[in-house]
Amino acid sequence: MTIVDTPERRQLRELTRAFVTKEVLPYLDDWERAGEVPRSLHETAAKVGLLGVGFPESVGGSGGDLLDSILVTEEIIRSGGSSGLIAALFTHGIALPHMVASHDDGLIDRYVRPTLAGTMIGALAITEPDGGSDVAGIRTFARRDGDHYVVNGAKTYITSGIRADFVTTAVCTVLPGSGALSLLVIDKGTPGFTVGRRLEKLGWHCSDTAELSFVDVRVPVANRVGPEDTGFLAIMQQFATERLSLATQAYATAQRCVELATRWCRDRSTFGRPLASRQLVRHRLAEMHTRAEAARAYVHDVAERVVTGQPVVTEVAMAKNVAVAACDFVVDAALQLHGGFGYLRDAEVERHYRDARILGIGGGTTEIMNEIIAKGIGL
Ligand SMILES: Cc1cc2nc3c(=O)[nH]c(=O)nc-3n(C[C@H](O)[C@H](O)[C@H](O)COP(=O)(O)OP(=O)(O)OC[C@H]3O[C@@H](n4cnc5c(N)ncnc54)[C@H](O)[C@@H]3O)c2cc1C
């Protein structure tokens, strides 16, 4: 029995599966077409206790740790959900942790509790049009003016940016590009803050993605998360959770696609025999299964080490790359095994194939993970 597999966690798995079956599967295609999930889904997920998993009860969460969040992510995808759904419904997983870690009661009451109750939606804005990999190079500038900051700049590719009520925004507080960063929580509707067009994407269709613009936006100093100029460290500390979530989405997508492909290969006959009876097909499925399971085992291992407070920056980067590589291999092979049907919107595997492509880009690209790994091994 692994740490992830306790009686309580089996219950959480069942709860998640029931939620997906009842509240997601009948509507997911509609949300994919609409380009977003409804706000009511956040409230429903909060009511059954899923939205707050991984957040302490003291801030309005349901308790549990990173392993519980991983379990929920895994089960949502394995029950027929998608990584796009996770991105849309669990954006608070990246928008809130810095506030929780700051122990700022004002921010926790105004943003964390309502978001975990499903009545507010938050987003995290780090990436800028000039670049996302170089976080220290952020140019959105916050000039101090009394008890406010005056923010000017732009962000792009922001998940849930269209629907978000607030955006946890990375700004530079010394000189643009100096790397002295702070996080400011900026409310939708603040004069000068505009949400640009809804960005159209290859995948993650049910997850809205936006460009944001800030022109002389006055943000109270009380909306700063933690002390000034500590934003870079705060962002880096929370990246571990985001990267492991993306790694989980990757291996869970792979697992789901192995299941879909196996089912298909048992049912589909060519030249008078089921596909699954062909050695080439059986070995392909065996390899897909092996890669998905190996990725899952490694991600769990690294997550357990994160939970026990071990320094695993390098391992987190490796876990993301291992899981993304497994996912890329599996979604491609699964689609191929489905033949022409795999290319159709009617095929679930088609959605996973498109959704998977972002996993090696978001939360730090595969190349940036390799940079971290290279440093970790002393290069
Ligand atoms: C659907 C979607 C959702 C997103 N959601 C969010 C969000 O909610 N919040 C947010 O802040 N951002 C979000 N992002 C942005 C995402 O995190 C960035 O796209 C990512 O970090 C890469 O930044 P970039 O696109 O600017 O690429 P760049 O930094 O311009 O990199 C371009 C290419 O160059 C490579 N590269 C860069 N530097 C090096 C180097 N030193 N050595 C070798 N190769 C290098 C990269 O790996 C990449 O392949 C989202 C993106 C997408 C597409």
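Above this text sits the structure in question.
Owing to the predicted nature of the structure, the values given are computational and were not obtained by experimental measurement.

A count of helices and strands for the protein gives 13 helices and ten strands. For the protein, the C-alpha radius of gyration of 21 Å lies close to 21 Å, the compact-globule estimate for 379 residues. Along the first, second and third principal axes, the C-alpha set of the protein runs to 80 × 50 × 40 Å. When contacts within the protein are restricted to residue pairs at least 6 apart in sequence, long-range pairs at least 24 apart make up 74% of them. Just so you have it, the protein exposes about 16600 Å², and 54% of that area is on carbon and sulfur atoms.

This paragraph deals with the pattern of salt bridges. Think of it this way: side chains of opposite charge can pair up when their charged atoms draw near. Counting across every chain of the model gives 23 salt bridges. Note that Arg296 is salt-bridged to Glu74, the shortest N-O span being 2.9 Å. With Arg296 in helix α10 (residues 279–307) and Glu74 in helix α4 (residues 66–78), the pair connects residues that are 222 residues apart, well separated along the chain. You can call Arg296 partly exposed: its relative accessible area is 21%. For Glu211, the salt bridge identified is with Arg197, shortest N-O distance 3.6 Å. Taken together, the positions of Glu211 in strand β7 (residues 209–220) and Arg197 in strand β6 (residues 193–198) put the pair 14 residues apart, joining distant regions of the chain. Its relative accessible area of 55% is what places Arg197 among the exposed residues. Residues joined in a network through salt bridges with shared partners are Arg13, Arg17, Glu74, Glu75 and Arg296.

In this section: the site of the ligand. Around the ligand sit 19 residues in total, of which Thr127, Gly132, Ser133, Thr365 and Glu367 are the nearest. Contact distances for the ligand include 2.8 Å between a nitrogen atom and a backbone N or O atom of Tyr157. The side chain of Thr365 places a nitrogen or oxygen atom 2.6 Å from an oxygen atom of the ligand. The fraction of the free accessible surface of the ligand (980 Å²) that becomes covered by protein chains is 64%. Elements with a minimum of two residues in the shell around the ligand: β1 (122–125), β3 (148–159) and α13 (366–376).

Direction of pairing for strand β2 (residues 141–145) relative to β3: antiparallel, over a ladder of five bridges. Bridge assignment links Asp145 to a residue of β3, and that residue is His148. Counting the residues that bridge the hairpin from β2 to β3 gives two residues, and of these Gly146 lies at a positive phi of roughly 65°. The pairing of β3 with β7 spans nine bridges and is antiparallel. Considered in β7, the bridge of Ile158 is made with Ala210.

A few words on the packing of aromatic side chains. Enumeration according to the criterion identifies four aromatic pairs in this entry. Ring geometry for Tyr111 and Phe166: centres 4.8 Å apart, planes at 55°, overall tilted. Linking Tyr111 in helix α8 (residues 105–116) with Phe166 in strand β4 (residues 166–172), this pair joins segments that are 55 residues apart in sequence. Side by side, Tyr111 and Phe166 carry an identical accessibility label, which is buried. Its guanidinium or amino end placed over the ring of Phe239, Arg243 lies 4.1 Å from that ring's centre, counting from NZ or CZ.

Peptide bonds are trans in most cases, and residues, glycine excluded, mostly fall at negative phi. In the Ramachandran plot, Ser160 falls in the positive-phi region, its phi being about 65° despite a non-glycine side chain. Locating Ser160 in the fold gives a position in the loop between β3 and β4. Phi at Trp204 takes a positive value of approximately 50°, unusual for a residue other than glycine. With respect to the element layout, Trp204 can be found in the loop between β6 and β7.

Conventions adopted
- Residues numbered from 1 in each chain as written.
- Predicted model: local features only at pLDDT ≥ 70, side-chain atom pairs only at ≥ 80, totals over all residues.
- Heavy atoms only, no water.
- Helix = DSSP H or I, 4+ residues; strand = E, 2+ residues; numbered from the N terminus.
- Rg over C-alpha atoms; globule rule 2.2 N^0.38 Å.
- Contact = heavy atoms within 4.5 Å.
- Areas by Shrake-Rupley, 256 points an atom, 1.4 Å probe, with all protein chains shown as cover.
- Salt bridge = Lys/Arg side-chain N within 4 Å of Asp/Glu carboxyl O.
- Buried < 20%, exposed > 50% of the residue type's maximum accessible area, 1.4 Å probe, protein only.
- Near = heavy atom within 4 Å.
- Polar contact = N/O pair within 3.5 Å; in protein donor to acceptor, adjacent residues only side chain to side chain.
- Pairing = 2+ DSSP bridges.
- Phe/Tyr/Trp six-rings, centres within 6.5 Å; stacked < 30°, edge-to-face > 60°.
- Lys NZ or Arg CZ within 6 Å of the ring centre and 35° of its normal.

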